[in-house]
Amino acid sequence: MQWKHLTSEEELTGLVERSRELPQVIFKHSTRCSISNVAFQRVNKGAAPAGSEFYLLDVLTHRPLSLKVAEHFGVNHESPQVLVIKNGECVYDDSHLGISMQDITDQVSMA
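Residues numbered from 1 in each chain as written. Predicted model: local features only at pLDDT ≥ 70, side-chain atom pairs only at ≥ 80, totals over all residues. Heavy atoms only, no water.

Going by the annotation in an unreviewed UniProt entry, the name recorded for the protein chain is Bacillithiol system redox-active protein YtxJ, with Flaviaesturariibacter flavus given as the source organism.

What follows is the structure, encoded as structure tokens:
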């Protein structure tokens, strides 16, 4: 799995723009949370769906950005949390142990 790190509002803006061409996936991760570590490992072991980009957002280091992501896409702030972004909109989000690569792949593959 190849992760890009989401660390700034400028990168978030770029991600939103790229979502018009390719689905973008954001994984909001807390390195101090055991549930977040389990969810991250489950996703990390899977194969990323073709034609998508995956971003890792460390919610401890970049808390204001994590809150901005929640506000921008109109979702509750949670950690761990996964968001699938297409055409500038969040089309899917899930959190905690509800996160699965199969669900992410299904959402990325939907037209």
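1. Thoughts on the sheet that holds strand β4 (residues 81-86)
Across the sheet, 5 strands lie side by side as β1-β3-β2-β4-β5; this open sheet has mixed pairing. Unpaired on one side and paired on the other, β1 (3-5) and β5 (89-95) mark the two borders of the sheet. Averaged over all pairs of adjacent strands, the angle between their axes in this sheet comes to 25 degrees, without regard to strand direction. In this structure, β1 lies alongside strand β3 (residues 53-58), joined through 3 bridges in parallel fashion. (Pairing = 2+ DSSP bridges. Helix = DSSP H or I, 4+ residues; strand = E, 2+ residues; numbered from the N terminus. Axes fitted to C-alpha atoms, helices over the stretch in contact; angles between N-to-C directions.)

2. Things to note about helix α3 (residues 63-73)
Residue pairs three or four apart in sequence face the same way in an α-helix, which turns once every 3.6 residues. Among all positions in α3, only Leu65, Ser66, Val69, Ala70 and Phe73 are buried. One side of α3 carries all its buried residues, which in axial view fall inside an arc of 145 degrees. Residues of α3 that are exposed and angled more than 90 degrees away from the buried face: Pro64 and Glu71. On its buried face, α3 is in contact with α1 (9-18), β2 (24-29), β3, β4 and β5. Positive phi appears at glycine 74, one or two residues downstream of α3, with a value of about 70 degrees. (Buried < 20%, exposed > 50% of the residue type's maximum accessible area, 1.4 Å probe, protein only. Arc of directions from axis to C-beta. Contact = heavy atoms within 4.5 Å.)

3. Let's talk about the pattern of salt bridges
Within this structure, the stated rule accounts for 3 salt bridges. Between arginine 18 and glutamate 53 there is a salt bridge, and its shortest N-O distance comes to 3.1 Å. Taken as a pair, arginine 18 in helix α1 and glutamate 53 in strand β3 lie far apart in primary sequence, 35 residues in all. Where salt bridges share partners, they join Lys4, Arg18 and Glu53 into one cluster. (Salt bridge = Lys/Arg side-chain N within 4 Å of Asp/Glu carboxyl O.)

4. Concerning helix α4 (residues 101-109)
Those residues of α4 that sit buried are Met101, Ile104, Gln107 and Val108. Buried residues along α4 cover an arc of 125 degrees about the axis, so they all sit on one side. Of the exposed residues in α4, the ones pointing more than 90 degrees away from its buried face are Gln102 and Ser109.

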